[in-house]
Amino acid sequence: MEKRELLYEGKAKQLFETTEPDVLWVTYKNQATAGNGAKKEMIAGKGQLNNQITSLLFEKLKEKGIPSHFIKQLSETDQAIEKVAMFDLEVVVRNVAAGSFSKRLGVEEGIDLPFPVLEFYLKDDDLNDPIINDDHVLALELATTEEINELKEKTLKINDALIDLFKQVNIRLVDFKLEFGKTKEGTIVLADEISPDTCRLWDLNTNDRLDKDIFRQDLGDIIPLYQEVLDRLTQL
Ligand code: ADP
Ligand code: TMP
């Protein structure tokens, strides 16, 4: 398989066509953004860490019976993935109050939620990815009722699997964002990435942040933290 023309350049990744019609080549970039691109920096080593963490997590999820678009890791920064038709949705799961949930609803950060709280966001940078409800998803024809149910069911299963994986390496999975797509056969699969860019990961004992909040809030260098996450997950 060979890399062909650039199909899409996003904030964190580049997608290339390949010689295989249903396979994309994704390159994880060093660019870090926050606030929908308002804050932007190049951080050497971020791309390879997120690629390795995502590859490892997609492998582990597969072992737990959860398929994804992931085919294989091609290099430190690159993956082969199955090309899918993405839902224009971000699915966020919250196990612990933090971030926009705490801010919007006035709930103290760090409080365990009584059940995993699932939220949909419209993937639209021009609108700043607004939060939307099931009716909005239906009215905008972003997914059908059956698809919404399947997305929720899959997301909760992924949450259980990820909580378990992170717990084994002493990490509290506070919240995270998932994206899904549809294969050409019509199967809904997990896509995009799962990394400290897209999850809130706190040390189980100290609640120290091991994720992109450190960049978002200008609290220091994220590279040692992402490396720590990778090193811990590698022990699994
Ligand atoms: P953004 O688009 O938000 O800037 P990225 O830089 O991570 O984010 O870009 C990656 C893009 O690739 C995202 O828009 C994501 O929805 C899309 N994508 C992820 N997985 C797949 C896939 N398997 N097939 C097609 N597109 C994908
Ligand atoms: P939030 O508290 O800012 O809404 O974020 C919830 C989770 O979703 C957090 O783990 C970060 C992740 N996330 C993304 O991956 N991409 C995004 O664009 C946003 C807003 C959040």
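Scroll up for the structure.
Nothing here was measured: the structure is a model prediction, and the numbers come from that model. (Residues numbered from 1 in each chain as written. Chains lettered and ligands numbered in written order. Predicted model: local features only at pLDDT ≥ 70, side-chain atom pairs only at ≥ 80, totals over all residues. Heavy atoms only, no water.)

Once that is clear, we can look at the side chain of Lys212. Within the secondary structure layout, Lys212 lies in the loop between β14 (199-203) and α5 (213-216). An unpaired buried charge is present at Lys212: no salt bridge exists, and Asp197, the closest side chain of opposite charge, is 4.6 Å distant. Of the polar contacts made by the side chain of Lys212, one reaches the backbone oxygen of Thr33; its length is 2.6 Å. (Helix = DSSP H or I, 4+ residues; strand = E, 2+ residues; numbered from the N terminus. Buried < 20%, exposed > 50% of the residue type's maximum accessible area, 1.4 Å probe, protein only. Lys, Arg positive; Asp, Glu negative; His and termini not counted. Salt bridge = Lys/Arg side-chain N within 4 Å of Asp/Glu carboxyl O. Polar contact = N/O pair within 3.5 Å; in protein donor to acceptor, adjacent residues only side chain to side chain.)

Within the structure, ligand 1 sits among 17 residues, and Tyr8, Lys11, Ala12, Lys13 and Glu179 are positioned closest to it. One of the backbone nitrogen or oxygen atoms of Lys11 is found 2.7 Å away from an oxygen atom of ligand 1. Between Asp192 and ligand 1, the recorded distance is 3.2 Å, taken from a backbone N or O atom to a nitrogen atom. Burial of ligand 1 by the protein chains amounts to 89% of its free accessible area of 550 Å². Contributing elements (two or more residues each) for the shell around ligand 1: β2 (13-18) and β7 (78-82). (Near = heavy atom within 4 Å. Areas by Shrake-Rupley, 256 points an atom, 1.4 Å probe, with all protein chains shown as cover.)

Our next topic: the site of ligand 2. Around ligand 2, a shell composed of 14 residues is seen, among which Arg94, Ser100, Asp175, Lys177 and Arg200 lie nearest. Contact distances for ligand 2 include 2.8 Å between an oxygen atom and a side-chain N or O atom of Arg94. Within the side chain of Asp175, a nitrogen or oxygen atom sits 2.6 Å from an oxygen atom of ligand 2. When ligand 2 is considered free in solution it has 450 Å² of accessible area, and contact with the protein chains removes 78% of it. Broken down by secondary-structure element, the contributors of at least two residues to the shell around ligand 2 are β9 (89-96), α2 (99-105), β12 (171-182) and β14. Classifying every residue of the shell around ligand 2 gives four nonpolar, three polar and seven charged. (Nonpolar A, V, L, I, M, F, W, Y, C, P; charged D, E, K, R; others polar.)

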